[in-house]
Amino acid sequence: MIVVTTPTGTIGHQVLQHLLASDAPVRVIARDPARLPADIRERVDIVPGSHGDIDVVTKAFADADAVFWLLPPNLRATSLDTAFLDFTRPACEAFTSQNVKRVVGVSAVGRGSAVAGHAGLVTASLAMDDLIAGTGVSYRALTLPSFMDNMLGQVETIKSQGAFFWPLSPDHKRPTCATRDIATVAAELLLDDSWTGQDSVPILGPEDLSGNDMAQIMSEVLGRPIRFQQIPGTTFKARLLESGMSEAMAQGMLDMLEAKNNGLDNTEPRTSQSTTPTTFRQWCEEFLTPAFQD
C-alpha cells in the first residue's frame, strides 16, 4: 500500500497517475475528495481530511509500505515552524506508530551550503527533513531547485507586459526542473521496495539557466519578445503581502530567493543521476504555450 498526500496538487496528482499506471494499491489523503476525478476515486482508497491531523494520518498510514510526503501551501501561516514543523509532527508520530517502511518527501536543494541556515522556506524544509529522519523511517528527500512550472503564475503578466519579474540576478545561471520529472522520480522510489536508510535525491533538470536565458527561450517559443526584469526584494515582498500572504511566509519566500541569488541552488554537483530530461524549451512548448493562448 502506497499513501499519497496532496493527490490533487501539481506534483501529487502526477505521482498518483504514475502509481495507478503501475497498478499499485494506493490510498490518498484528500481535504476535498470531490476534487479527485471520478475515475480515480473508483481506484483508490480515500481518507478525507488534512495530513496535518494525527487522526487522519494514523488511519491513512495503517498497513502502509510507503508514503509520498508533500506539505500543502499555507500562505497565511504565522511562522515557518508552524507551516513546516508543526504540520509534519503528527505524520512523524504516525510513521512510527503505524510502522511505515519508507517515505519519499519533497524538499529543497542547499543542505550544507553557507546560506542554508538563512534561506527562509528552504531552511524550514531542511528542518522538516531532519524531523522526519529523526523517526528512523527510511527516507528519501527529493532536493529540488526552482520549478519551471512556477512560470505559469506569471502568464498574465507575460501576456500584458511581455516580461516576468523576480528579485533574482538576470545573469546568474541556476538549475530548474519540471514537476513532471519530480513526479517520475518520486513514483520510481515509491514503487521500489529495495532501498533503506536515509539520503537525499537531487533533481536538477537538464541545464542551468539564468533569467535572461529563460526569457530568450520563451521569446523564441512564443514568437514574441519576452524579457526578464529583476525587481527589488522589498517590491517583491510587498506584492506578496498585498496578495494575502502572511508576513512570516512573505519574508520566508524573500529570504529563499536571496539565498538562491547567493548560490544556494548551485551547491549540489550536477551528475547523470541528478540530471532530469525535460528542458525549459520543451516545457515552454508543452505547457507555457497553451497557457499563454488561453
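Preceding block: the structure.
Since the model is a prediction, treat every value here as computed from it, not as a measurement.

K.L.:
Any chance you could explain the overall build of the chain here in plain terms?
P.N.:
Each helix and strand counted, the chain has 11 helices and 12 strands in total. Its C-alpha atoms give the chain a radius of gyration of 19 Å, near enough to 19 Å, the size a compact globule of 294 residues would have. On the principal axes, the C-alpha backbone points of the chain span a range of 55 × 40 × 40 Å. Here the chain holds 294 residues, and the buried ones make up 52% of them. For the chain, the share of sequence-separated contacts (at least 6 apart) that also reach a separation of at least 24 residues comes to 77%. Of the side-chain charges in the chain, 23 are positive and 35 negative, and the distance between the mean point of each set is 3 Å.

K.L.:
Could you clarify how one ought to interpret the side chain of glutamine 14 in this entry?
P.N.:
On the secondary structure map, glutamine 14 appears in helix H1 (residues 12-21). Residue classification places glutamine 14 among the buried residues on the basis of a relative accessible area of 14%. Those residues in contact with glutamine 14 that lie beyond four places of it in its chain are Thr179, Arg180 and Ala183.

K.L.:
It is not clear to me how the layout of surface pockets should be interpreted in this structure. Could you clarify?
P.N.:
Over the atoms rolls a probe the size of a water molecule, and in doing so it shows where empty space is left. The computed volume of the second largest pocket comes to approximately 230 Å³. Surrounding the second largest pocket, 16 residues form its lining, Arg111, Asp129, Ala141, Asp199 and Ser200 being those nearest its centre. For the lining of the second largest pocket, the secondary structure elements donating two or more residues are helix H5 (121-133), strand E6 (138-144) and strand E10 (198-202). With 4 residues, H5 is the largest single contributor of residues to the lining of the second largest pocket. Taken together, the residues that form the lining of the second largest pocket break down as 6 nonpolar, 5 polar and 5 charged.

K.L.:
Whenever I open this one, the sheet that holds strand E7 (residues 146-147) confuses me. Can you help?
P.N.:
Hydrogen bonds between backbone atoms are what pair the strands of a sheet, whose relative direction is either parallel or antiparallel. Taken together, the 3 strands give an open sheet; going across it, the order is E7-E9-E11, and neighbouring strands pair in mixed fashion. Each having just a single partner strand, E7 and strand E11 (208-209) make up the two edges of the open sheet. Where E7 and strand E9 (residues 174-177) come together, 2 bridges link them in parallel fashion. Following the sheet pairing, phenylalanine 147 is matched in E9 by cysteine 177.

Rules and cut-offs
Residues numbered from 1 in each chain as written. Predicted model: local features only at pLDDT ≥ 70, side-chain atom pairs only at ≥ 80, totals over all residues. Heavy atoms only, no water. Helix = DSSP H or I, 4+ residues; strand = E, 2+ residues; numbered from the N terminus. Rg over C-alpha atoms; globule rule 2.2 N^0.38 Å. Buried < 20%, exposed > 50% of the residue type's maximum accessible area, 1.4 Å probe, protein only. Contact = heavy atoms within 4.5 Å. Lys, Arg positive; Asp, Glu negative; His and termini not counted. Charge placed at Lys NZ, Arg CZ, Asp CG, Glu CD. 1 Å grid on protein atoms, 1.4 Å probe; cavity = no way out; pocket = protein on both sides within 12 Å on 5 of 7 lines; lining within 4 Å. Points joined across faces, edges and corners; volume = space filled by probe spheres on them. Nonpolar A, V, L, I, M, F, W, Y, C, P; charged D, E, K, R; others polar. Pairing = 2+ DSSP bridges.

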